[in-house]
Amino acid sequence: AETPWMEVNENFTQINVADQEKDPQSILNFYRKAIGLRKQLQTPPFGDLTQVTFIGLDEGALLRGATKFRDSLQVCLKDPVYQEENCIVLGPAPCPVPKINYNFRYRITLRCKMDRPKRLLLAHLLRQFSQDSANRGVGAFADVNGYEE
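Everything numeric in this text was worked out from a predicted model, so none of it was measured. (Residues numbered from 1 in each chain as written. Predicted model: local features only at pLDDT ≥ 70, side-chain atom pairs only at ≥ 80, totals over all residues. Heavy atoms only, no water.)

Draft legend 1. Spatial organisation of the state of the cysteines. Scanning the entire structure with this criterion turns up 0 disulfides. Considering cysteine sulfurs only, C112 is the nearest to C95, which forms no disulfide, with 19 Å between them. (Disulfide = S-S within 2.5 Å.)

What follows is the structure, given as structure tokens:
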């Protein structure tokens, strides 16, 4: 037998893959289930979490704009171009810190893989949002897999 390149741990008879595969409660099987769940739920790295944040002084105008943006996004995502995977749209909901410097902050969360067509769709909707006079005083920006506040 060849010498392993690393020392074998002393507890290899108690903790090893062969034994853990037999035990449904093992750490190995726990991680396999956790990875499967992450794939199913399309969470990173198997999917993306995109947050579209809306900020403004007038909470009513901000909510109307965010709701209209969400509705437009949901209608667009029904197009066959985007149908190959299930995109989930949540919100609008207040950000974890809902008000900074007198500005209200809400966000919409989109959970799916952000491929090129979806990024272009989001950019188009953000441009439309900024050009709509009803959204005057409300800003919007998107962040893909951003750091949570």
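Picking up where we left off.
Draft legend 2. Examining the side chain of R70 more closely. One can find R70 in helix 3 (residues 59-77). At 3.1 Å, the side chain of R70 and the backbone oxygen of G91 are in polar contact. Setting aside its immediate chain neighbours within four residues, R70 contacts V89, G91, P92 and I108. (Helix = DSSP H or I, 4+ residues; strand = E, 2+ residues; numbered from the N terminus. Polar contact = N/O pair within 3.5 Å; in protein donor to acceptor, adjacent residues only side chain to side chain. Contact = heavy atoms within 4.5 Å.)

Draft legend 3. Molecular detail of the packing of helix 3 against helix 4 (residues 116-131). Helix 4 packs onto helix 3 with a crossing angle of 145° between their chain directions and a minimal axis gap of 11 Å. With respect to the hand of their crossing, helix 3 and helix 4 are arranged in right-handed fashion. For the pair formed by helix 3 and helix 4, the contact residues are G65, A66, F69, S72, L73, C76 and L77 on the first element and L121, L122, L125, L126 and F129 on the second. When its residues are assigned to classes, the contact of helix 3 with helix 4 shows 10 nonpolar, 2 polar and no charged. (Axes fitted to C-alpha atoms, helices over the stretch in contact; angles between N-to-C directions. Left-handed = near helix turned anticlockwise from the far one by under 90°. Nonpolar A, V, L, I, M, F, W, Y, C, P; charged D, E, K, R; others polar.)

Draft legend 4. Layout of the packing of aromatic side chains. Applying the stated criterion across every chain, the model contains 4 aromatic pairs. Between F30 and Y31 the ring centres are 5.4 Å apart and the planes differ by 80°, which places this aromatic pair in the edge-to-face class. The exposure class assigned to F30 is exposed, which follows from its relative accessible area of 52%. Ring geometry for F54 against F129: centres 5.3 Å apart, planes inclined by 65°, an arrangement best described as edge-to-face. Of this pair, F54 sits in strand 1 (residues 48-56) while F129 sits in helix 4, placing them 75 residues apart in sequence. Of the two residues examined, F54 and F129, each falls in the buried class. Joined through ring pairs, the aromatic side chains of F54, F69 and F129 make up one cluster. (Phe/Tyr/Trp six-rings, centres within 6.5 Å; stacked < 30°, edge-to-face > 60°. Buried < 20%, exposed > 50% of the residue type's maximum accessible area, 1.4 Å probe, protein only.)

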